[in-house]
Every structure is written in C-alpha cells, then in structure tokens.
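# Observations on the three-dimensional arrangement
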Amino acid sequence: MQRDLIESALKGHEADYVEVRLEESRSTSVRYRGKELEEISQPVSSGGNVRALVRGGWGFVSFNEPGHLREKVGLAVAHARHVGRGATSFAATEPAVDVLNETAAKDCSAIALAEKKRLAEEYNEIVLSTPRVETSVVAYRDRRRRVVFASSEGSYIEQSNSDLALRVAAMARDGGDVQQSGLSTGSRGDFGQVEGLHQQVRETALRAVELLSAPRVSSGEHWVVLDPILAGVFVHEAFGHLSEADFTYENERMRQIMVVGRRFGGDHLNIVDGAAVPGLRGSYRYDDEGVPAARTYLVKEGVLVGRLHSRETAAKMAEPVTGNARAVDYHHPPIVRMTNTFIEAGQASFDGMVGEIKEGVYVKNWYGGTTSMEMFTFSAAEAYAIRNGRVAELLRPVVLSGNIFTTLENVDAIGDDLQMNQGGGCGKSGQAPLPVSNGSPHIRIRRCLIGGA
Amino acid sequence: MSDPLKSRIEQVLLMAGKRAQEAEVFVGSVDDTPVVFEANRLKQLQTNRGMLVALRIVRDGKLGFATATSLDDIGSLVDRAVDISHFGAPARFELPSGQEYPRVSVYDREAETFDVDAMVELGQSLIARVREHTPDLLCDASVGRGAALVHVMNSRGGEASFTRSYFGLALEGTLIRGTDILFVGDSESSCHPIRDVDWLVKSTVNQLELSRRQAALTTGHMPVIFTPHGVVSALIAPLAAAFNGRVVLQGVSPLMNRTGEQVFSPELSLRDDATVAYRPRSRPCDDEGMPSRVIPLVEHGVVSGFIYDLQTAALAGTRSTGSGDRAGASLPSPSVSNLVVQTGKTGFEDMVRGLDEGLVVEQLMGATQTNVLGGDFSGNVLLGYKVEKGEMVGRVKDTVVSGNVYQALSAAIAVGREARWVGAVHTPAILCPDLAVGVKG
Ligand SMILES: [Zn+2]
C-alpha cells in the first residue's frame with residue numbers, strides 16, 4: 001500500500017494518537033521427524049493493525065485485508081474512545097522517517113529451498129546414524145518480513161529483515177525410558193550461522209544415548225556452575241522479565257520493590273538489554289512504536305539502574321524511553337519486551353569456579369525457562385556432577401529454581417567468557433516466539449534449588 | 001457454508017485438479033473481540049479478524065502444500081503448492097470422501113453477538129467483587145467473545161464446515177506484601193455466554209483465603225495432591241505426548257506396544273472427546289474433515305488407544321481418529337481436543353483430611369520444560385499449600401516438586417470425585433502418594 005494512502009487514512013481522527021502497521025512475510029519451514037520429511041512449506045502472510053489511544057484507553061483492530069484502511073482507523077479510534085476514561089500519558093519522541101532494508105551476510109531469503117532442505121537432511125542423517133538413537137526432529141524455520149509503520153505524529157518507517165531458527169533433537173529409548181537432547185540456535189537471517197554444525201549435532205545425538213544410563217541428582221540446594229547458554233536463559237528469566245516496566249508501572253508496591261538504587265547482587269554483576277547491538281536476533285533500529293533502539297543498563301555493579309519501557313510506561317514512570325515495545329506479529333499490539341539481554345563479562349575463570357567446589361553440579365544448555373517475577377525456573381538440558389573441583393559424570397537434566405530476591409545475591413562468581421545465545425524465543429501475554437538473544441559468561445550460584453529425584 | 005466462499009474454494013480445487021491428482025482446501029477464519037482490564041481499570045478494546053487458507057495436493061504421489069492469508073490470489077497458491085510438491089514427502093493417505101458427522105453443538109449466537117458494554121460490566125463486577133475481599137489486590141482481567149469458521153473440501157467429494165462461538169472470562173490478581181508476590185486467579189470458557197462471575201470470584205477468593213498464611217515444608221518425599229489446575233500444569237503434557245500417534249510412530253512413546261497393558265493405576269481412566277457440547281475445543285470434524293469421536297486412551301489403568309491424523313494413521317497402518325489439527329500455517333498433525341479424566345471416588349476434602357503431612361499443588365511453574373517425552377515433570381510451586389494433620393495450613397514458597405508420570409500414576413493414587421474444566425481439560429484432583437519435594441532452607 002502506498003505511503004500517501006496510509007498517511008491520509010491516519011488524518012483527522014479525534015484521538016490522542018493513532019498508528020498503522022502493515023506487514024508482509026514469507027517463511028520457510030523444513031522439518032524432519034525421524035526418516036520422514038514431516039513438513040516442507042513456504043507460507044506467505046499479509047496483514048496489519050491499527051492502534052489508537054484516547055484518554056488513556058487503547059483501541060486495537062487487526063486484519064488480513066488492508067482495504068478500507070480509513071474505516072479500520074475509525075473503528076480503532078471508536079474502540080479507544082469506548083474504553084478511555086482517564087488521561088493519556090504517552091512519552092514524546094521525535095517522529096522518524098526512514099527506510100531500512102537489512103540483509104544478512106548470507107541472507108536466508110536468497111537461499112534456495114533445496115539447499116535448506118539439504119542442510120536439514122544432513123543434520124537429520126547424522127542424528128539417525130548415531131548408534132542407539134531411536135529418532136530425531138530437525139526443524140529449520142526462517143522468515144523474511146517487511147513492516148511498514150506510520151503514526152499520526154508523522155512517523156513513517158519501513159523495516160525489512162530476516163530471522164532464522166534451527167532446532168535439532170535426538171531421542172533414545174531403552175524400554176519405557178525415553179531420553180532426549182537438543183540443540184537450538186538461530187540468527188538474524190544469516191544462513192551461514194547454521195551451516196557447519198555437524199560436529200555439534202553429532203555430540204547432541206550421542207548425549208541422548210548417554211542419558212539413558214545417567215543417574216538423577218537429588219532434590220534440594222546445590223552449588224552450581226552455569227554455562228553461558230543456560231546463564232543467558234537465567235538472566236532473561238531471573239531479571240529480564242522483571243525489568244519490563246508494564247508489570248511495574250501501574251503497581252505502586254512493585255514500584256517500591258523495583259526502585260532504582262536497590263541492590264540485587266554483588267559489585268561484579270552488570271546486566272544489559274539492548275536492540276542497538278547489530279546482528280543479533282533481538283536487534284533492530286526502531287521498535288514497534290517507532291522509537292529508536294537503545295542499550296539499557298538494568299543492573300550496574302549489583303544495583304538496579306534502569307528498566308525497559310514502551311512510550312506509555314516511560315511516561316507513567318517519568319523515565320526515559322528505551323525502544324522496547326515489540327509485537328510478535330500484526331495480530332497483536334506491541335508490549336514491553338526484551339531484545340538482547342546479557343550479563344557482562346567478569347574476571348573469574350571457569351577452572352577457578354569449578355576448582356573451588358567440592359560437591360556441586362555443572363549445568364549446561366537449556367530446555368526452557370519461565371518466571372512469575374518473584375520466582376522463576378530455568379531448565380538445563382545437560383547436567384554433570386562436580387566432585388573435588390572437577391567436572392565428573394553426566395546426570396539427568398534438571399530444572400533449577402530461583403527467587404529474585406536471593407538468587408542474584410547468591411551469584412558468587414562471574415566468568416570472563418561472555419557468549420551470546422541465539423536459540424529459542426520469548427513468550428509473553430500470548431505473543432510467542434519473539435526473536436530475542438541472551439547471553440552471559442559462565443556464572444556460579446550458591447545454594448541453588450534443584451528439582452530432582 | 002456461504003455460497004461465495006464455497007464457490008471460491010471450488011475454483012481452487014478445480015485449478016489444482018488440473019495440475020495434481022488430489023487436492024484439499026482448508027479455510028479457517030476467526031473474528032474475536034476481547035475487552036482487557038489492566039491494574040483494576042478498563043484498558044483496551046480489540047477487534048481481531050484473521051483468515052488462513054491452506055491448499056494440500058498430491059502430485060505424482062508426493063505432497064504439495066501452500067498457505068495464504070486471503071483467497072485473492074488463488075493462482076499463486078496453486079503454483080506454490082505445485083512447487084513444494086517437487087520436494088514433498090510421499091502421500092501415504094487418501095483424502096476422505098463424503099462422511100457422516102456427529103451432531104456436536106458448538107455455536108450459540110448470543111455468545112458471538114454479546115453486547116460489548118455488558119462485557120465491560122462483567123469485567124468490572126468481577127474485579128470489584130474480588131477486591132471486596134482483598135482491597136489491595138491488583139487485577140488484570142479479560143472478557144472475550146468471538147466466532148471461528150472452518151471449511152474443508154477435497155477433490156474426493158469430502159466436505160465439512162462448522163461455526164463455533166466462544167466466550168471467555170479470565171482474572172489474574174497480584175498481591176504484594178513486602179517482597180512477597182502472590183498470584184491468584186482463574187479462567188472460564190464456553191461456547192455459551194458466561195453471564196455471572198460467581199464461580200470465578202469464589203475460586204479466586206478461595207485461593208486468597210488459603211494463602212493468608214505461609215507454611216514451610218522440608219526437603220523429602222511426601223504425598224502431593226494436584227488440584228485440577230495442578231494436574232494440568234504438571235501431568236497432562238507428558239500424557240498428551242505419549243498418546244500422540246506421531247510420537248508412537250517415531251518409536252519414542254513410553255506407551256508404544258503396550259495397548260491392553262495395565263500401565264497406570266486402575267483408578268485412572270482418560271479419554272479424548274471432541275464431541276462435548278459447547279466446549280471451545282469441540283467440533284464435529286477435525287481440520288482434515290474426519291468425523292470426531294470419543295477416543296478412550298486409558299480404561300482403568302489399561303492403555304486403550306492413541307490419536308492419529310490421516311498421514312500418521314496411514315503410516316501406522318490404522319485409521320485416523322479425527323485428531324488432525326492445524327496449528328497456524330502448518331500441515332495437520334495429531335493433537336488432543338478435550339482431554340477428560342474420569343472422576344473417581346474420593347472427595348477433595350477427604351484427600352486432604354487423610355494426610356498427616358503433604359502438599360497441595362495448584363500451579364507448578366515450568367513443570368513441562370523438561371524431558372516430557374520420558375514422562376518427567378519438575379517445577380516450582382507457584383501456588384500451593386502445606387497440609388498438616390489433615391488441614392491446609394498455609395501457602396508454600398521456594399518449593400519444587402518433581403516426578404515421572406509413569407511412576408507417579410502407577411502408584412496407589414486417589415482420584416477426586418469433583419471435576420472441572422481447566423481450558424480444554426476436564427479433570428478432578430489427583431493424589432500421588434510419594435513425590436520428591438525440594439525446599440530452599
Ligand atoms: Zn521470556
């Protein structure tokens with residue numbers, strides 16, 4: 001749709017603010033399940049939405065067919081008026097006019113379907129040819145998307161970019177005992193970053209078999225070392241979600257708990273979120289409210305110094321906008337989300353961290369994670385016993401659990417080996433999977449609660 | 001089925017029929033209107049309309065597939081399906097010809113057309129009544145209504161369509177004392193309008209009452225009662241995976257080759273039932289046009305069936321159970337509809353009274369983010385209560401529960417007499433006599 005049509009549809013409504021988002025995407029999905037090519041497809045999707053703000057109330061209209069756009073804007077404004085009963089607070093930002101066409105080094109949109117299928121097939125064959133592996137899942141998915149954003153304040157932004165995710169899982173069975181192991185990775189559309197993983201895929205498959213004879217760890221508190229991948233999931237769940245201001249801005253007591261200046265961890269703890277780091281899955285130039293991306297310290301030297309905002313939450317809390325309003329697609333309004341979240345590198349060495357532990361657990365890789373703000377869980381796909389300062393035998397996967405007010409304080413060492421993890425995605429309020437990345441160096445946590453046997 | 005839509009689908013079939021031996025068109029559309037409350041106040045009103053068109057073809061024995069979000073450009077839809085068929089997997093199944101469908105009531109016009117102002121009032125009274133009990137509670141809530149249309153037609157004369165209405169109420173309350181955060185709330189859904197909030201208020205107030213005090217357990221093994229919410233948060237995902245024909249075919253269901261075997265306690269019976277009247281997951285047919293029916297999965301602890309769609313059924317040498325489900329723009333795959341756990345003999349009060357020390361789990365957070373295929377569950381007790389000498393004495397925190405459904409549900413479990421819907425699962429409480437509980441101490 002033409003820019004002048006969109007801009008004219010936005011004009012002359014009685015609203016404090018109106019925005020239009022139109023989106024077109026083309027995806028590729030290739031999935032092997034065991035020997036079967038379960039799915040190969042290239043879905044196309046187009047649609048959009050209108051969001052309007054009147055006296056603090058929001059109206060939202062989503063659709064596939066962008067015709068009669070002015071009427072759709074009218075409906076969103078009527079909805080907003082229907083619910084708006086207070087005062088609007090919405091942070092001012094400079095309207096932006098920009099066209100951004102981002103292509104990765106080896107952008108997935110330029111790769112032939114046959115090549116994507118071949119790569120998935122190669123990884124699948126490695127898994128299936130591993131002795132005692134019962135079956136596999138290899139799922140490749142990419143999406144090239146063009147989003148047009150225009151607002152009643154005069155912003156007009158076109159952003160095109162790609163996102164890509166690869167998941168490999170191996171399953172092994174011994175009678176009724178089934179074990180699985182997985183590898184999850186992705187990139188901001190760069191196909192090159194998921195090529196050449198043959199060795200990692202082989203190791204993943206071997207681990208599924210090894211797990212069949214691995215013992216379970218006992219439930220209770222353990223001294224644990226987290227690898228950079230799991231520590232990234234940890235920081236996302238333990239602190240990232242709590243930093244999203246939409247849980248705090250209307251909650252007076254939460255504002256007191258999450259007050260700037262509160263200490264959450266030791267001086268060695270620094271946590272950052274930001275989309276303004278190029279080339280990662282959570283990177284972008286403008287968020288879904290047209291606000292430029294930033295890089296925000298959440299924790300500096302153990303103390304809360306900032307949080308993530310949309311224009312509405314920033315205004316209500318009188319804090320600067322951070323460009324963290326994101327929508328997973330046109331079916332949903334933007335909400336406050338993370339982008340690329342990480343713990344900055346410290347000074348401890350991995351050997352040093354493990355060396356000081358007489359009895360503990362080394363946890364690696366991830367299954368998932370979730371949070372209720374105060375309490376959170378994050379699950380390791382790999383666990384190893386630590387005995388007398390050395391990493392010892394493989395254990396069954398474990399779910400770790402924490403409490404925001406004690407677990408970050410119990411982080412007693414932060415490594416010097418920061419790595420970003422590009423696998424998976426984030427879910428919130430029914431919007432999933434949103435591309436994000438997270439990262440950390442190795443970290444060590446005292447008295448971490450583990451659910452085991 | 002409306003005539004313009006039907007004739008458009010027929011055009012696609014005709015066009016596809018010139019380039020492929022078989023074709024199937026699926027059209028699903030939704031129209032829903034949620035009213036959203038945030039921090040006790042009315043915040044947002046939405047109208048969401050969406051459509052998905054999926055074309056599946058069989059060309060020289062191979063599957064082709066394409067999807068779109070409108071029926072405008074059917075030429076490109078057919079072209080893309082043909083392109084994909086060059087890479088596609090062999091089609092192992094036959095599309096169904098004309099079928100007899102059961103009568104399944106899933107539409108109530110009053111739900112689809114429910115007045116928006118009345119929805120706003122419902123949400124307001126819900127929040128007001130819960131806050132009468134606990135004025136400090138901060139509530140997010142939603143009241144939603146809508147309708148979904150499904151049409152499936154294929155080149156073998158198979159044709160099905162239905163419209164389903166939807167109505168839902170949900171509440172989540174947050175109560176903060178010091179640095180302690182308590183989450184309470186519940187939700188309710190139906191194809192009928194839900195006109196009173198009594199039940200939801202009662203359920204939430206009950207959680208608030210039980211959470212007034214805190215109590216602590218010590219790490220060890222103990223009896224754990226899962227309330228219906230607890231059952232859904234911990235035990236259902238591993239079972240839904242194990243009964244999925246896709247998982248069986250892959251050779252990684254712990255239940256494969258065990259039909260007729262006593263795997264679980266005789267107290268446990270479980271079925272998948274897409275025919276329950278006026279439930280939002282019910283339907284007369286699945287997304288491939290196969291008739292819905294009741295599928296017994298466990299009868300008195302004995303494994304009695306699995307769920308299949310067309311492709312997995314053909315690969316397994318059996319018949320589709322009408323369980324083909326399309327998630328987003330994906331090909332159909334087997335999925336449970338309404339899972340129903342048969343009620344047992346023990347009242348919930350009696351379960352609690354019978355325990356000297358134990359735990360009631362209402363919500364186990366993160367429980368399914370582990371080796372679900374192997375039957376494992378492990379999570380943090382987001383909401384749960386300590387039982388001491390037959391009484392719930394307070395809310396526990398910083399507590400984890402873990403186990404494996406094949407061990408937990410083959411033990412001497414007790415199944416509750418009172419069941420309720422939690423989303424698409426109808427279940428009573430289940431008492432597991434011995435589970436590992438870890439506590440931060
Ligand atoms: Zn997340």
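This one's a predicted model, so the numbers in the text were calculated from it and none came from an experiment. (Residues numbered from 1 in each chain as written. Chains lettered and ligands numbered in written order. Predicted model: local features only at pLDDT ≥ 70, side-chain atom pairs only at ≥ 80, totals over all residues. Heavy atoms only, no water.)

## Observations concerning the overall build of chain A
Of the regular secondary structure elements, chain A holds nine helices and 25 strands. A globule of 453 residues ought to have a C-alpha radius of gyration of about 22 Å, and chain A, at 23 Å, matches this closely. Along the three orthogonal principal directions, the C-alpha set of chain A runs to about 70 × 55 × 35 Å. Contacts spanning at least 24 positions in sequence make up 73% of the contacts within chain A whose residues lie at least 6 apart. Summing over all exposed atoms, chain A offers an accessible surface of approximately 16100 Å²; the carbon and sulfur share of this is 48%. Across chain A, the centroid of the 51 positively charged side chains sits 2 Å from that of the 58 negatively charged ones. (Helix = DSSP H or I, 4+ residues; strand = E, 2+ residues; numbered from the N terminus. Rg over C-alpha atoms; globule rule 2.2 N^0.38 Å. Contact = heavy atoms within 4.5 Å. Areas by Shrake-Rupley, 256 points an atom, 1.4 Å probe, with all protein chains shown as cover. Lys, Arg positive; Asp, Glu negative; His and termini not counted. Charge placed at Lys NZ, Arg CZ, Asp CG, Glu CD.)

## Considerations on the side chain of His309(A)
Residues and elements named next belong to chain A. Here His309 is to be found in the loop between strand 12 (303-304) and helix 7 (311-317). Within the local environment of His309, its side chain forms a polar contact with the side chain of Thr313, the two groups lying 2.8 Å apart. Those residues in contact with His309 that lie beyond four places of it in its chain are Ala245, Ala314, Met317, Glu319, Pro320, Val321, Thr322, Gly323, Asn324, Ala325 and Val336. (Polar contact = N/O pair within 3.5 Å; in protein donor to acceptor, adjacent residues only side chain to side chain.)

## Remarks on the layout of surface pockets
It is a probe the size of a water molecule, rolled over the atoms, that shows where empty space is left. All names here are of chain B. There is about 640 Å³ of room inside the second largest pocket. Secondary-structure elements contributing two or more residues to the lining of the second largest pocket are helix 5 (198-210), helix 6 (228-234), helix 10 (348-353) and strand 18 (414-422). For the lining of the second largest pocket, the leading source of residues is helix 5, giving six residues. Across the lining of the second largest pocket, the residue classes break down as eight nonpolar, five polar and six charged. Here the lining of the second largest pocket gathers at least three residues from each of two domains, domain 1 (3-205) and domain 2 (213-441). (1 Å grid on protein atoms, 1.4 Å probe; cavity = no way out; pocket = protein on both sides within 12 Å on 5 of 7 lines; lining within 4 Å. Points joined across faces, edges and corners; volume = space filled by probe spheres on them. Nonpolar A, V, L, I, M, F, W, Y, C, P; charged D, E, K, R; others polar. Domains from an automatic or database assignment.)

## Thoughts on empty space enclosed by the protein
Residue and element names in this part refer to chain A. Counted according to the given criterion, the structure contains six cavities of 30 Å³ or more. Taken as a whole, the largest cavity encloses approximately 320 Å³ of empty space. Lining the largest cavity are 21 residues, with Arg145, Asn161, Arg188, Tyr284 and Asp288 sitting closest to its centre. Only strand 6 (133-151) and strand 7 (156-174) provide two or more residues apiece to the lining of the largest cavity. Broken down by element, the residue count for the lining of the largest cavity peaks at five residues, all from strand 7. Here the lining of the largest cavity is composed, by residue class, of eight nonpolar, four polar and nine charged. Among the domains, domain 1 (3-211) and domain 2 (220-451) are the pair contributing at least three residues each to the lining of the largest cavity.

## Quick notes on the coordination of the zinc ion
Residue and element names in this part refer to chain A. Of the protein atoms, only His236 (NE2), His241 (NE2) and Cys426 (SG) coordinate the zinc ion, at distances of 2.1 to 2.4 Å. Mapping the donors of the zinc ion onto the primary sequence yields the spacing H-x4-H-x184-C. Residue classification places His241 among the buried residues on the basis of a relative accessible area of 6%. (Donors = N, O, S within 2.8 Å, 3.2 Å for Na, K, Ca; no water. Buried < 20%, exposed > 50% of the residue type's maximum accessible area, 1.4 Å probe, protein only.)

## A short note on the pattern of salt bridges
Residue and element names in this part refer to chain A. All told, the structure shown has 58 salt bridges over all chains when counted by the stated rule. Taking the shortest distance from any N to any O, the salt bridge between Asp142 and Lys116 comes out at 2.8 Å. Placement of Asp142 in strand 6 and of Lys116 in helix 3 (residues 113-128) is noted, with a sequence separation of 26 residues between them. With a relative accessible area of 5%, Asp142 lands in the buried category. The class of Lys116 is buried, set by a relative accessible area of 3%. (Salt bridge = Lys/Arg side-chain N within 4 Å of Asp/Glu carboxyl O.)

## Quick look at the pairing of strand 17 (residues 375-387) of chain A
Residue and element names in this part refer to chain A. By the criterion of burial, strand 17 is predominantly enclosed, with 12 of the 13 residues buried. Both strand 16 (residues 359-371) and strand 17 contribute to a ladder of 11 bridges, which runs antiparallel. By the bridge assignment for strand 17, Thr370 is matched with Thr377. Counting the residues between successive antiparallel strands, the hairpin from strand 16 to strand 17 contains three residues, one of them, Met373, with a positive phi of roughly 80°. Inspection of the sheet shows strand 17 paired to strand 19 (residues 398-403) by six bridges, in the antiparallel sense. Bridge pairing in strand 19 places Ala380 opposite Val398. (Pairing = 2+ DSSP bridges.)

## Description of helix 2 (residues 74-85) of chain B
In an α-helix, one full turn covers 3.6 residues, which means residues spaced three or four apart are oriented alike. Compared with the 16 Å implied by 1.5 Å per residue over 12 residues, the 17 Å span of helix 2 of chain B between its first and last C-alpha is a close match. Of the residues making up helix 2 of chain B, those classed as buried are Ile74(B), Leu77(B), Val78(B), Arg80(B), Ala81(B), Val82(B), Ile84(B) and Ser85(B). (Expected span 1.5 Å × (residues − 1).)

## Re helix 3 of chain A
With 16 residues, helix 3 of chain A should cover 22 Å at 1.5 Å per step; its first-to-last C-alpha distance of 22 Å lies within 8% of that length. Buried residues of helix 3 of chain A: Leu113(A), Lys116(A), Lys117(A), Leu119(A), Ala120(A), Tyr123(A), Asn124(A), Ile126(A) and Val127(A), and no others. Its buried side turned inward, helix 3 of chain A meets strand 1 (17-33), strand 2 (36-41), strand 6, strand 7 and helix 4 (198-211) of chain A together with helix 2 of chain B.

## Section: the domain arrangement of chain B
A common way to express how large an interface is: the accessible area buried when the components associate. Residues and elements named next belong to chain B. Annotation of chain B at the domain level lists domain 1 (3-205) and domain 2 (213-441). Taken together, the 42 residues of domain 1 in the interface contact 36 residues of domain 2. Carbon and sulfur atoms make up 61% of the surface buried where domain 1 meets domain 2, a total of about 3100 Å² over both sides. The interface formed by domain 1 and domain 2 includes five salt bridges. Across the pair Arg420 and Asp186 runs a salt bridge whose closest N-O atoms are separated by 2.8 Å. Applying the counting rule to domain 1 against domain 2 returns 15 residue pairs in polar contact (both at pLDDT 80 or more). Those elements that place two or more of their residues in the side of domain 1 that touches domain 2 are strand 1 (22-38), strand 2 (41-59), strand 3 (62-68), strand 4 (138-154), strand 5 (159-177), strand 6 (180-190) and helix 5. Class assignment for the residues of the side of domain 1 that touches domain 2 results in 25 nonpolar, eight polar and nine charged. (Buried area = accessible area lost by both parts, 1.4 Å probe.)

## Quick look at the interface of chain A and chain B
Between chain A and chain B, the residue contacts involve 84 residues of the former and 77 residues of the latter. Buried area between chain A and chain B, both sides added, is near 6400 Å², and the carbon and sulfur share of it is 53%. Here chain A and chain B share seven salt bridges between them. A salt bridge links Glu374(A) to Lys397(B); its shortest N-O distance comes to 2.6 Å. Our enumeration of links across chain A and chain B arrives at 34 residue pairs in polar contact (both at pLDDT 80 or more).

## Points about the sheet that holds strand 24 (residues 437-440) of chain A
Residues and elements named next belong to chain A. Taken together, six strands build an open sheet; the order of strands is 12-11-10-15-24-21 and the sheet is mixed. Taken across any chain shown, the strands that pair with only one partner, and hence form the sheet edges, are strand 12 and strand 21 (419-421). Of the strand pairs in this sheet, strand 10 (residues 271-274) and strand 11 (residues 295-300) are connected by four bridges, and their pairing is antiparallel. Looking at the pairing, Gly274 lines up with Arg295 of strand 11. Across the face of the sheet, helix 5 (residues 228-243) comes into contact with strand 10, strand 11, strand 12, strand 15 (340-343), strand 21 and strand 24 while running at roughly 115° to strand 24. (Axes fitted to C-alpha atoms, helices over the stretch in contact; angles between N-to-C directions.)

## Brief notes about unusual backbone geometry
Residue and element names in this part refer to chain A. At the junction of Ala432 and Pro433, the peptide bond is cis and its omega measures out at -10° in the coordinates. Inspection of the secondary structure assignment puts Pro433 in strand 23 (residues 431-434). Residues other than glycine seldom take positive phi values, yet Arg447 does so here, at roughly 50°. Mapped onto the elements of the fold, Arg447 is located in strand 25 (residues 443-451).

## What about the domain arrangement of chain A?
Residue and element names in this part refer to chain A. Entries for chain A in the domain assignment read domain 1 (3-211) and domain 2 (220-451). Taken together, the 46 residues of domain 1 in the interface contact 39 residues of domain 2. For the pair domain 1 and domain 2, the two sides together bury roughly 3400 Å², of which 47% comes from carbon and sulfur. Put simply, domain 1 and domain 2 have five salt bridges between them.

## A word on the packing of helix 4 (residues 116-133) of chain B against helix 5 of chain B
Residue and element names in this part refer to chain B. Across the interface, helix 4 lies against helix 5 with an axial gap of 10 Å and an inter-helix angle of 30°. By the criterion of interaxial angle, the relationship of helix 4 to helix 5 is roughly parallel. Note on packing geometry: the crossing formed by helix 4 with helix 5 is right-handed. Contact residues: Leu126, Arg129, Val130 and His133 in helix 4; Asp198, Leu200, Val201, Thr204, Val205, Leu208 and Glu209 in helix 5. (Parallel < 35°, antiparallel > 145°, perpendicular 65-115°, else oblique. Left-handed = near helix turned anticlockwise from the far one by under 90°.)

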